[in-house]
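# Architecture at a glance
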Amino acid sequence: MIFSYCYTDGTVKLYGKQDRSLRAVPMPLRAAQALDELPARLDTRVLFPGKRGGYLNLHNWRAHEWTPAVRAAGVLLFELARFMGTSTEQIDKTYGHLLPDSLDRARTALDSFIADEADEAFGH
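Residues numbered from 1 in each chain as written. Predicted model: local features only at pLDDT ≥ 70, side-chain atom pairs only at ≥ 80, totals over all residues. Heavy atoms only, no water.

### Re the confidence of the model for the protein
The condition is simple: Confidence scores labelled pLDDT are given residue by residue by the predictor and lie between 0 and 100. Segments assigned H or I by DSSP are reported as helices when at least four residues long, segments assigned E as strands when at least two residues long, and all are numbered from the N terminus.
For the protein, per-residue confidence averages 75 on the pLDDT scale, and residues scoring 70 or more make up 77% of the total. No element of the protein has a lower mean pLDDT than strand β1 (residues 5–8), at 67, and none a higher one than helix α1 (residues 29–37), at 87.

### Digging into the packing of helix α3 (residues 77–84) against helix α4 (residues 88–95)
Our working definition: The convention used is that axes are lines fitted to C-alpha atoms, helices contributing only their stretch in contact, and that angles between N-to-C directions extend from 0 to 180 degrees. Angle categories: roughly parallel below 35 degrees, roughly antiparallel above 145, roughly perpendicular from 65 to 115, and oblique for all the rest. Any pair of residues with heavy atoms lying within 4.5 Å of one another is described as a contacting pair. In the scheme used here, Gly and all other residues not listed as nonpolar or charged are polar, with Ala, Val, Leu, Ile, Met, Phe, Trp, Tyr, Cys and Pro taken as nonpolar and Asp, Glu, Lys and Arg as charged.
Put simply, α3 and α4 touch, their axes get as near as 8 Å, and they point 100 degrees apart. Classified by the angle their axes make, α3 and α4 are roughly perpendicular. Contacts from L77, F78, L80, A81 and M84 in α3 reach T88, I91, D92 and Y95 in α4. For the contact of α3 with α4, the per-class residue count stands at seven nonpolar, one polar and one charged.

In structure tokens:
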């Protein structure tokens, strides 16, 4: 099991507000294999150190890595809520600001659904 740590306010701590906050999430086989193939690091215990060593800047990481990855993956809010053990409302309230194009994505999904329904209704 991989534990997630967070660097905040100048200290490293186990990520999660309480023990129940820690969750097991599925990892694609390709990702697990890539982790296994990483060479052992002698200079740090950090699995993914920042470009200049040390800890990642969480704000920059979210903007440059997390948000583009979520967009590309097309992860659904419902799926995230199930893996995180919370409600979609809480996910949206807490993390919704991290997905700046969420309204556009929802609008596109609804437009696509409506177009598909119209095609079926008219036999296209």
